[in-house]
Amino acid sequence: MKRKSNSLLYYALACAMGATLAGNAFAGDASAPQGEPIKAVLTAPPMVPPPITRSTPAKVIVDLEVVEKEMKISEGVTYNFWTFGGSVPGSFIRVRQGDTVEFHLKNHHSSHMPHNIDLHAVTGTGGGAEATFTLPGHETQFTFKALNPGLYVYHCAMPPVGMHIANGMYGLILVEPPEGLPKVDKEFYVMQGDFYTEGKYGEPGLQPFSLEKAIDEHPTYVVFNGAEGSLTGDNALTAKAGESIRMFVGNGGPNLVSSFHVIGEIFDKVYTEGGSKYQENVQTTLVPAGGATIVEFKADVPGNFVLVDHSIFRTFHKGSLGILKVDGEPKHDIYTGQQSSKEYPQGEPAGK
């Protein structure tokens, strides 16, 4: 009994010391942060922070601000998005396995709601949600160790959780393995989400959130990066023929599973569900709500390659369409384009 009491005392002391050292190394950790603290580079989609080149773990400080703002969701249609960092999806966060991450969540003074954050990369209660209950005009802080490599979703977890996510409160955090990821020429950040408005698809003006549609899982819009057309026209992703491409693909949901596909390309590698193992030569990959994947391929030939959710009516009637514009010289040994068009002799239909 005495031994048990001593164990509880030691545990309490360890917890107290851990709280005191929240901004520093975790007690007893053999892989303590090296060097001066680093402020994380955060990027809005479709951009990605640069790869991590250091060979040791560090203390990384993440400053992320919640902003509620009206933005375009489709041509002539706006929506009151709730955002991490002012964009949907939220800012991309990139750290290294073994890093100690000091996380600061700020909720802008103009916000109407309290918010928090659940990072799927966090090992701890609520993924950080309980530690980051943040009122408008306030800032909260907690610290976690990035234990597992992979690509992870983060999202708001304030009740009603579904409503906060449906309003755009999600993003991705990449925990690179110590050796880093294989070098590629281009990296992009693409995240799908389903949105529920009172008005019908394309109905103009500011559209309020529809709880009824969300519960019934009948989205008005299914889009990449927060808006129809966010990856088309002047906003299209760009590359050159011959370049290797990596896409960090997430699905904020809150409800639908994505069938991610790039028309005219085959994924050389797909890191299923954002984990460490990959499948090769994949045409379409499933991305669950609240999940992610990493796809890699080489842009062998020029052209406009269409990003879709292959639940195809969503693409052409709800907005989940993007463009990867690849420039370069044709390679007719790989793809010729149309070579002829002519009538053929009339006869009985096949199978008659």
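Here is what the cut-offs are and how they apply
- Residues numbered from 1 in each chain as written.
- Predicted model: local features only at pLDDT ≥ 70, side-chain atom pairs only at ≥ 80, totals over all residues.
- Heavy atoms only, no water.
- Helix = DSSP H or I, 4+ residues; strand = E, 2+ residues; numbered from the N terminus.
- Polar contact = N/O pair within 3.5 Å; in protein donor to acceptor, adjacent residues only side chain to side chain.
- Contact = heavy atoms within 4.5 Å.
- Core = buried A, V, L, I, M, F, W, Y, C linked by side-chain atoms within 4.5 Å.
- Buried < 20%, exposed > 50% of the residue type's maximum accessible area, 1.4 Å probe, protein only.
- Pairing = 2+ DSSP bridges.
- Axes fitted to C-alpha atoms, helices over the stretch in contact; angles between N-to-C directions.
- pLDDT = per-residue confidence, 0-100.
- Phe/Tyr/Trp six-rings, centres within 6.5 Å; stacked < 30°, edge-to-face > 60°.
- Patch = residues over 30% accessible without salt bridge, like charges linked within 9 Å, V, L, I, M, F, W, Y side chains within 5 Å.
- Areas by Shrake-Rupley, 256 points an atom, 1.4 Å probe, with all protein chains shown as cover.
- Salt bridge = Lys/Arg side-chain N within 4 Å of Asp/Glu carboxyl O.
- Lys, Arg positive; Asp, Glu negative; His and termini not counted.
- Charge placed at Lys NZ, Arg CZ, Asp CG, Glu CD.

**Student:** Describe the side chain of Asp309, and please don't skip the residues or the numbers.
**Tutor:** Looking at where Asp309 falls in the secondary structure, it is placed in strand S20 (residues 303-309). One polar contact links Asp309 to Gln192, side chain to side chain, over a distance of 2.8 Å. Of note is the side chain of Asp309, whose polar atom sits 3.2 Å from the backbone nitrogen of Ser259. If near-sequence neighbours (up to four positions away) are discounted, Asp309 is found in contact with Gln192, Val222, Phe224, Val257, Ser258, Ser259, Arg314, Thr315 and Ser320.

**Student:** How would you summarise the nonpolar core if you had to cite specific residues and measurements?
**Tutor:** Judged by nonpolar contacts, the single largest core of 27 residues is most densely connected at Phe84, Phe103, Leu119 and Ile173. Of all the elements in the fold, those that place two or more residues in this core are strand S2 (59-74), strand S3 (77-84), strand S4 (93-96), strand S5 (100-107), strand S7 (139-145), strand S8 (150-155) and strand S9 (170-176). Looking at which element gives the most residues to this core, the answer is S2, with four residues. The contact partners of Phe103, leaving out residues within four places of it in the chain, are Val62, Leu64, Ile93, Ile117, Leu119, Thr140, Gln141, Phe142 and Phe144. In terms of nonpolar packing, the next biggest core, distinct from the first, is built from 26 residues, Tyr79, Val223, Tyr271 and Ile294 among them.

**Student:** Just give me the short version of the pairing of S3, but keep the residues and values in it.
**Tutor:** Of all the eight residues making up S3, six are buried; the element is thus mostly covered by neighbouring parts of the structure. In this structure, S2 lies alongside S3, joined through eight bridges in antiparallel fashion. When the bridges of S3 are listed, Glu68 appears paired with Trp82. From the end of S2 to the start of S3, which pair antiparallel, there are two residues, and Gly76 there has a positive phi angle of about 80°. Both S3 and strand S11 (residues 205-207) contribute to a ladder of three bridges, which runs parallel. When the bridges of S11 are listed, Thr78 appears paired with Leu206.

**Student:** I'd like to hear about the side chain of Lys145, residue by residue, with values.
**Tutor:** Position of Lys145 relative to the elements: it lies in strand S7. Reaching out from Lys145, the side chain makes a polar contact with the backbone oxygen of Gly98 at a distance of 3.3 Å.

**Student:** A description of the sheet that holds strand S12 (residues 221-224) should follow, citing residues and the corresponding values.
**Tutor:** Ordered by their spatial adjacency, six strands build an open sheet running S12-S10-S14-S19-S16-S17, and the pairing between neighbours is mixed. Taken across any chain shown, the strands that pair with only one partner, and hence form the sheet edges, are S12 and strand S17 (278-282). Averaged over all adjacent pairs, the angle separating strand axes in this sheet is 20°, with direction ignored. Bridge analysis of strand S10 (residues 186-195) against strand S14 (residues 244-253) gives eight bridges, and the strand direction is parallel. By the bridge assignment for S14, Met191 is matched with Gly250.

**Student:** Any details on the confidence of the model for the protein chain? Residues and values, ideally.
**Tutor:** Note that predicted coordinates carrying low pLDDT should not be read in detail. Mean pLDDT over the protein chain stands at 92; residues scoring 70 or higher make up 91%. Of the regions scoring below 50 in pLDDT, residues 1-28 engages in twelve contacts with residues more than four places distant in sequence or in other chains.

**Student:** How would you summarise the pairing of S2 if you had to cite specific residues and measurements?
**Tutor:** As paired strands, strand S1 (residues 38-39) and S2 are joined by two bridges and run parallel to one another. Each bridged residue has a counterpart across the sheet, and for Ile38 the counterpart in S2 is Val60. Relative to S5, S2 is paired through eight bridges, and the arrangement is parallel. Bridge pairing links Val62 to Phe103 in S5.

**Student:** Outline the packing of aromatic side chains, supporting the account with residue identities and numerical values.
**Tutor:** Applying the stated rule across the entire model yields 13 aromatic pairs. With centroids separated by 5.9 Å and ring planes inclined at 35°, the aromatic side chains of Phe103 and Phe142 adopt a geometry described as tilted. With Phe103 in strand S5 and Phe142 in strand S7, this pair connects stretches of sequence that are 39 residues apart.

**Student:** Lay out a negative patch on the surface with the relevant residues and their values.
**Tutor:** Taken together, the side chains of Glu198, Glu212, Asp216 and Glu217 make up a negatively charged region of the molecular surface. Tracing the backbone shows Glu198 in the loop between S10 and S11.

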